[in-house]
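# Architecture at a glance
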Amino acid sequence: MNRRNRLEGVNDVLGNLNEEIQGIENRSMKGLMKAGLRIQRESQKLAPVLTGNLKASAYTRRAGEFVRLDTPSSSKAAPKPSGTVPPKRVEIGFTAAYAAAVHENLESRHENGQAKYLETALRENKFKIVNDVRENADVGA
């Protein structure tokens, strides 16, 4: 099962945000990246920290772009996603292998940080996210 499919609640939040953003004509990558970086920054503040690896593994990028991560030669490369990627989309996530498990574990107690760190960042910043996109929409494009 894909890790992204195991994150509960995030799809509902993203669906609502996407509806709002779809209504903004001529949205720009600048606005979407600004919103994505806001979500990344806020989720990093909420992510549990033991060694700092989880927090440091956060990323924001245009959807469909792939970055080369330095990995040990013994590890297998992640498969490339199939299908086409619609234009003007960003992806926010964490590359740490245990990121999804930590995100979803509501039973675990952390000295700092919390579960649902990405979902909470989305929920608590939804109006700011829409404004980031709206304020950076391409005019007359």
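Residues numbered from 1 in each chain as written. Predicted model: local features only at pLDDT ≥ 70, side-chain atom pairs only at ≥ 80, totals over all residues. Heavy atoms only, no water.

## Here's the deal with the nonpolar core
Ranked by internal contacts, the top residues of the largest apolar core, which has 20 residues, are Ile39, Leu54, Phe94, Ala99, Tyr117 and Ile129. When residues of this core are traced back to their parent elements, those giving at least two are helix 3 (29-46), helix 5 (99-104), helix 6 (117-124) and helix 7 (126-135). (Core = buried A, V, L, I, M, F, W, Y, C linked by side-chain atoms within 4.5 Å. Buried < 20%, exposed > 50% of the residue type's maximum accessible area, 1.4 Å probe, protein only. Helix = DSSP H or I, 4+ residues; strand = E, 2+ residues; numbered from the N terminus.)

## Considerations on the packing of helix 3 against helix 7
Orientation of helix 3 relative to helix 7, taken along the N-to-C sense of each, is 155 degrees, at an axis distance of 7 Å. Judged by the angle between their axes, helix 3 and helix 7 are roughly antiparallel. Once helix 3 is placed against helix 7, the crossing between them reads as right-handed. Contact residues: helix 3 offers Gly31, Leu32, Lys34, Ala35, Arg38 and Ile39, while helix 7 offers Lys128, Ile129, Asp132, Val133 and Glu135. (Axes fitted to C-alpha atoms, helices over the stretch in contact; angles between N-to-C directions. Parallel < 35°, antiparallel > 145°, perpendicular 65-115°, else oblique. Left-handed = near helix turned anticlockwise from the far one by under 90°. Contact = heavy atoms within 4.5 Å.)

## Topic: the packing of aromatic side chains
Summed over all chains, the structure comprises 1 aromatic pair. With centroids separated by 5.0 Å and ring planes inclined at 80 degrees, the aromatic side chains of phenylalanine 94 and tyrosine 117 adopt a geometry described as edge-to-face. Here the residue phenylalanine 94 occupies a position in strand 2 (residues 90-94), and tyrosine 117 occupies one in helix 6, the gap between them amounting to 23 residues. For phenylalanine 94, a relative accessible area of 13% corresponds to the buried category. For tyrosine 117, a relative accessible area of 1% corresponds to the buried category. (Phe/Tyr/Trp six-rings, centres within 6.5 Å; stacked < 30°, edge-to-face > 60°.)

## Thoughts on the layout of surface pockets
Quantified by volume, the second largest pocket comes out at close to 240 Å³. If you go around the second largest pocket, the residues you meet are Pro48, Val49, Leu50, Thr51, Gly52, Asn53, Leu54, Tyr98, Val102, His110, Glu111 and Asn112. For the lining of the second largest pocket, the per-class residue count stands at 6 nonpolar, 5 polar and 1 charged. (1 Å grid on protein atoms, 1.4 Å probe; cavity = no way out; pocket = protein on both sides within 12 Å on 5 of 7 lines; lining within 4 Å. Points joined across faces, edges and corners; volume = space filled by probe spheres on them. Nonpolar A, V, L, I, M, F, W, Y, C, P; charged D, E, K, R; others polar.)

## Things to note about the side chain of arginine 38
Here arginine 38 lies in helix 3. Residue classification places arginine 38 among the buried positions, given a relative accessible area of 17%. When residues no more than four places from it in sequence are discounted, the contact partners of arginine 38 are Asn125, Lys128, Ile129 and Asp132.

## Focus on helix 7
Those residues of helix 7 lying buried are Ile129, Val130, Asp132 and Val133. For helix 7, the angular spread of the buried residues around the axis is 155 degrees, confining them to a single face. Of the residues in helix 7, the exposed ones pointing more than 90 degrees away from the buried face are Phe127 and Glu135. (Arc of directions from axis to C-beta.)

## Topic: the pattern of salt bridges
Inspection of the entire model under this criterion finds 7 salt bridges. Taking the shortest distance from any N to any O, the salt bridge between glutamate 119 and lysine 116 comes out at 3.4 Å. One connected set of salt bridges, linked through shared partners, spans Glu104, Lys116, Glu119 and Arg123. (Salt bridge = Lys/Arg side-chain N within 4 Å of Asp/Glu carboxyl O.)

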